[in-house]
Each structure stands twice: as C-alpha cells, then as structure tokens.
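Report on the structure
Each chain, letter by letter, is given below.
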Amino acid sequence: MASPGRKLAAGKETLHKSNSDPVRRIHRQYAKNRGGGGTPVSRCFLNLDGYSYVIVASPPEKKKDSAEESSAPPPPSSKNGQLSKQGSLTILRRSSSRTLSGRGPRNSSQSDVDAADAVDLLQDALPAVDTPESCEKAALRLRALLRHLQEGEVAVGVLQKNLQYAADVLDSIYVEENKSETTKDRAITISLGPPTKKGRRPPLSAVALASRRHVGDEEDELSEVEPDAVPQEVREWLASTFTRQLNTSRRKTDEKPRFRSVANAIRAGIFVERIYRRLSSATFLQLPPEVTRILKSVDEWNFDVWRLQEASANTPLRCLAYELLNRYGLLHKFKMPPATLETFLTQVENGYCKYKNPYHNNVHAADVLQTMHYMLSQTGLMNWLNDVEILATLVAALIHDFEHTGTTNNFHVMSGSETAILYNDRAVLENHHICAAFRLLRAEEHNVLVNLSREEYREFRSLVIEMVLATDMSSHFQQIKAMKAMLALQDTSLDKSKALSLVLHCCDISHPSKNWVLHERWTTQLLEEFFRQGDKERELGLPYSPLCDRNNTLVAESQIGFIDFIVDPSLGVCGDLLDKVAALSVPPSTPTIAEEPHNEPGGPIKRPVRPGGVVGVEVRRPWQDCLAANKARWKERAMKDAEIRAEMALRNEKVNGESGEGEGEGDSPEDTIEEEEGEGAKGEASNEENGE
C-alpha cells in the first residue's frame, strides 16, 4: 500500500530540524486540492516514536463561482450559509511500523532471500523490541534461521537467542495494540477557530474533508479520534506550532483490547513457541535405540537400571532424568534451556562418579529416581502436587547423594573430616549433597531453573532441602514415628514436605523390595563399599563401623534384620500414606502438568483419573511380595551359612584337641584362611571384589 508521502514525493521540500523541534524528519508539500476547487492545501509528514503523522492544513474558505454555488450544498463548516473565516488542521496518524509490518501474508522475493542470507545471527547489537526496526529485524532473523536450519548449521545458543528476541518483539506488538484504539490510520482535526462548548468538536470544512479523502484514498479507513490519541509531547508541539488553542477532550482510558488484536498476538506467540519447542527437542539429546527400548518399561516397579547403564555407556542418570523431565512436561513448563540442561545433567552424573563408589554412584541415583517416578505416576501422588512440587521431588531424587564420598556420616565425624567440621557433625553428607547441587545450579551454564519466578524458586529450594535432609538414616525412627502420628489423626490435611520426604527416604532404601536379581546385586555393591570403609578405618586406627569388617560380617543375617526393622516398616507406613493421598487427591479437570509433544519414548504423562497402581481405594504395593520372597531367600542363605560355621567350629575343635598345647590358638594362618572362605560363602562379597 503506497503511503501519501510516496505519492506526493515529487513535490516535497525538506525542512531542516530546529532546536525546538522534537521530530527527526519533517517534510512539507503544497498541492492543489482537486476536490476543493483549486484551494491550496499544505501537508506536513513527520515520524516520531515509530509513528507517522500527516498534517493537512486548510486555509479559510473562499467564495465560489455562482454556478458552483448554486449546485453545491453549503459546506459542513459554514454556519447558516455563511463561509467559515477560520481554516482547519487535519492530523492523520498512521500505526507504528512495527505493528503494521508482518500483517497479512507477505510474498517472499529474491531481495528477502538475499537479506536473510546477509543476516549475522551472532550479532548482539539488536534494536530494542519496542522500536520500529525491531519487527523487521526479527522477521529477517527468523527467515535466516529457516535458511540455516535447512542446511543444519544453527547452534542451539544462537537459535534460542534469536527465537527469544522474536518472542519479545511479538509481546511488544501485543502490548502496543492493546494501548491503541485501532490499528488503522488515525485522523485528528484541530480547529483553528475559537474553542467550542464543553469539548464538542467543530465540524470539518469541505476542504478539510476533501484533503482527508485525498491523503487517505489508498488507506483502508481513516477514523476520527480524540486528540489524546497523539502523545502529550506531540500535542504540545502541534498546539504551539500550528494552532493557537488545542481542544483537549478526554476519551475513555479503560478500553478493552480488541479481540482480533489479542487473538493475533496469542496466535503468533503460540507459533513461535512451537518452533522453539520442536527445534529445542530435536537439538538436545538423541537416545540410542536400545536406551529408548529400555525406557519403555520405566513405569515398572522392577525396572532394571543396570541394563540402562550398559545400553547408555554408563550415563543412565542423564538419560533417565531427561526422559522423566520431558515426560512430565517440566522442560517446557519451566522453559529449561536444552544446552544448559544437558550440561547440568552431565555434571551431576560426573559428581556421582567422582569417588568411584561401588554403591553410592550414578546407577544408585538413577534407581532412586526411577522408584520415585513410580511413586508419583503409579500411585496417584502426582495428582496431589503442583508443577513446582513435582519438579522439586524429581530433582531431590536426582541429587540426593550427589558427590557422595563412599563413607558414612559416622566415618566423617570420627575421622574429623573437613566436611564434618563444615557442617558441625550434623547430617554431614546430606548437607554436602544439597550445597554442592545448588552451587552447581548457581552457575549460569548449569542453571536450569533460570526461568522460575522468585516465589517458585523459594518453594523449590525449601522442598528439596527438606527432602534430602530426611535421607539421613539417623532420623529414620523419628521420621517414621512422626508420620504414624500424622496418619492416625482424623484430619484430612497432610504436610506435603513431610510426606514427600518419607517417600524419598523409602525410595533410597528400597532395593530389598525389588526382585532378587536386582536386590542381590545391590547388596553385594553396598557391602563392598562398607568393607572399603572398614579398610580405611583400620588404616586410621579407628574401630570398625557396623557391617564394615569384611572378615566378620554376617551378610544374610544383616539383610534379614534390615528388612524386618527398617525397610518393611518404612514401606508399610509409606503405603498407608499413599492410600490417604489417593483418597484426598482429585485429578484436576485441566491438568497443570504441561502436555507437550515430543519425540522421546513414553510420551508426556497426563494426570490420570485412576492411576494404574491404584486398586479400589488402596494403592497396589508390589514391594510386599518382593520383600517376602527376598527375606525367604536370605533365611535359606542364613541357614546354609550357619551350617558352614558349625562345621568350621567342629573342625577347629578337633584340630585344637589334637594339637594339645596349641589349644586356644585358633588364629593360625590355616584357620584364618578357612574363616575367610566361610565369609566368602556367606556374602559372596570377596567374590565380587575379585570379579572387579
């Protein structure tokens, strides 16, 4: 659409800017008004703050010929047939260039292609989003991105920065449209005569009306609005330069935004967001086919995390964490930058591998994270939580043993380690896990929480701290007792932080409740870690901690006691808690977890009306059968170990009786070797050590 300035460009005369002029460019043109009988009309074109203004000044009306006077009706500006002695001033305001640009379909040309190729996507000096040039820059950068994406040459950081800039420009357009009464051209008529009564606008003269039709003959429509549509600075300048007095009637300020403007802005925002989501999902983590196949069974209680470790080249935590965060829609809900998330998960996995622990490593973290996912998705627990609480729950499981040293809190206290001194012998390792994780998140390249609001971050941090501190085994019995008391109350309310802390604690000690193959392997790994601590204690001259003496540990009996006194009661209370939560939680009609399309296995989780792990009014407890079966196996193992120990004791008695003087010297090298062989039969810990 050609503007009036272009049509009349041939006769323009440039006026130099004076010190008092607030405008950048002013052009004036004098032309003959075709519809006004040759009456000269003055026009002034100016640009200010992204808006274009056309000012049409009409002189007082002149007396017409008798023929014209008899045929033409009196002009609207005449009063009782008398000619107006005052001229008029018409101001045409065009919408901002950033608002008009991009409206309607735009045909691409070779010049657009060349301009897109010439765009430097790495350039940081971009115009502000509320300037007229921003929309054009954003459009060129989007075309350049499309060209580069076809060639596969766009870095993730560059893509994110340019898409964010385009989204900010769209937001600016939306705000600007809401502030405007209409997106069409504006026309303001300022009378050069005396003011009228109580804000009534004077009628336009015929010359002014003809001038308006001439200037806007190729525009969609010129609507007459109040002078307040012009910024205050412009109105003051116009009044002082072109008129003697300015009509200042007010218009309503509580106008609602037009539906078309809101709908277009939302539509454009959704379009940009979809592009960002698809491209960010495609540029992040490509899982191997075997990993994808294994992750299809992630909803099962007996998920084999060891298989995931082998298929993922010892990165099970990274793959599983991304899968779950994507499944729950948290990546898009909290706008986690893909590159930042990848580096964060990589650093977390490296932290778990820092001390090369047999048990407290990245595989254990992945196992606890998967178990927590089962509790969330299969028991209806997720229906009880909001998005921030679900994010905090998964992250707490992710980092609950971050940078674990492979030793217990008691070892740190007894050895006087720097960590124990730092945290005053209280929850030494748990405090370190939290501190190290949040220190990692504080770095810009690892901060996946950058788009959380301040309130969301406080809620997230508080919940993560309380959940991880609750994994300290020294607070186990106090925690179980408090939860039993809470469940015994008739009150339907529950403390979410206490409930989630118990669930994470149960997930942390849940390996005896998995099938025998998984549980036996975890037991072997855990005892090897204990034995390594016992070796350090022997070197430091410290007494052995329980279960840390590799020569005098009864493996089967220790596991039976662990199941009877720790795991089984804890999971029983956890099951009662989940039953109460299932009764309290009602799935919302509109899920608060974002359901986002992605190409990863499993698909996004919806908040189920009836979770698969809930039967009737109770939560199904798959751990009960596993606990009973594993306990029976350990009892069989304990009986065999007892028989072996009895045979060894009888043999020692015979040897001691025959030796006579050697009675009581049961610590001979031969006896020591036999005892070590017996211990190997008990727990197979020595065989596992040799296998390593």
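Throughout, residues of each chain are indexed from 1 in the direction in which the sequence is written. At least 70 in pLDDT is required for a residue's local features to be given in this predicted model, at least 80 for side-chain atom pairs to be given and counted, and no such filter applies to totals for whole chains, interfaces and linings, which use all residues. With hydrogens and water excluded, all non-hydrogen atoms of the structure serve as input to the side-chain values.

This brings us to the side chain of histidine 519. Considering the arrangement of structural elements, one finds histidine 519 in helix 23 (residues 516–540). The buried label goes to any residue with under 20% of its type's maximum accessible area, the exposed label to any with over 50%, and the partly exposed label to all in between, with areas taken from a 1.4 Å probe on protein chains only. On the basis of relative accessible area, histidine 519 is assigned to the buried category, the value being 0%. Per the convention used, a helix needs a DSSP run of H or I reaching at least four residues, while a strand needs a run of E reaching at least two, with both numbered from the N terminus.

Salt bridge, as used here: a side-chain nitrogen of Lys or Arg that lies within 4 Å of a carboxyl oxygen of Asp or Glu. In the structure shown here, the tally under the stated rule is 17 salt bridges. A salt bridge links aspartate 299 to arginine 327, with the shortest nitrogen-to-oxygen separation between them at 3.2 Å. Residue aspartate 299 is located in the loop between helix 10 (289–295) and helix 11 (305–311), and its partner arginine 327 is located in helix 12 (residues 316–327); the two are separated by 28 residues in the primary sequence. A relative accessible area of 29% means that aspartate 299 is categorised as partly exposed. With a relative accessible area of 4%, arginine 327 lands in the buried category. In this structure, the salt-bridge partner of lysine 496 is glutamate 389, at a minimum N-O distance of 3.1 Å. In this pair, lysine 496 sits in helix 22 (residues 496–508) while glutamate 389 sits in helix 16 (residues 387–399), placing the two residues 107 residues apart along the sequence. For lysine 496, a relative accessible area of 25% translates into the label partly exposed. Taken together, the shared-partner salt bridges in this structure form one network comprising Glu528, Arg532, Asp535, Arg538 and Arg550.

This part is about the packing of helix 23 against helix 25 (residues 623–659). Think of each axis as a best-fit line through the C-alpha atoms, taken over the contacting stretch in the case of a helix, with angles from 0 to 180 degrees between the N-to-C directions. Direction vectors running N to C along helix 23 and helix 25 enclose 55°, while the axes themselves pass 10 Å from each other. Judged by the inter-axis angle, helix 23 sits oblique to helix 25. For helix 23 against helix 25, the interelement crossing comes out right-handed. In contact with Trp516, His519, Glu520 and Thr523 of helix 23, helix 25 contributes Asn630, Arg633, Trp634 and Arg637. The nonpolar class holds Ala, Val, Leu, Ile, Met, Phe, Trp, Tyr, Cys and Pro. Asp, Glu, Lys and Arg form the charged class, and all remaining residues, Gly among them, are polar. Residues that form the contact of helix 23 with helix 25 fall into these classes: 2 nonpolar, 3 polar and 3 charged. Put simply, angles under 35 degrees are roughly parallel, angles over 145 are roughly antiparallel, angles from 65 to 115 are roughly perpendicular, and the rest are oblique. The handedness criterion is simple: a crossing whose near helix is rotated anticlockwise from the far helix by less than a right angle is left-handed, and one whose near helix is rotated clockwise is right-handed. A contact between two residues is defined here by any heavy atoms of the two lying within 4.5 Å.

The bulk of non-glycine residues show a negative phi, and the bulk of peptide bonds are trans. Positive phi outside glycine occurs at asparagine 424, with the angle close to 55°. As for its placement among the helices and strands, asparagine 424 is situated in the loop between helix 18 (418–422) and helix 19 (428–442). At leucine 547, a position not held by glycine, the phi torsion is positive, near 70°. Looking at the element boundaries, leucine 547 is found in the loop between helix 23 and helix 24 (555–584).

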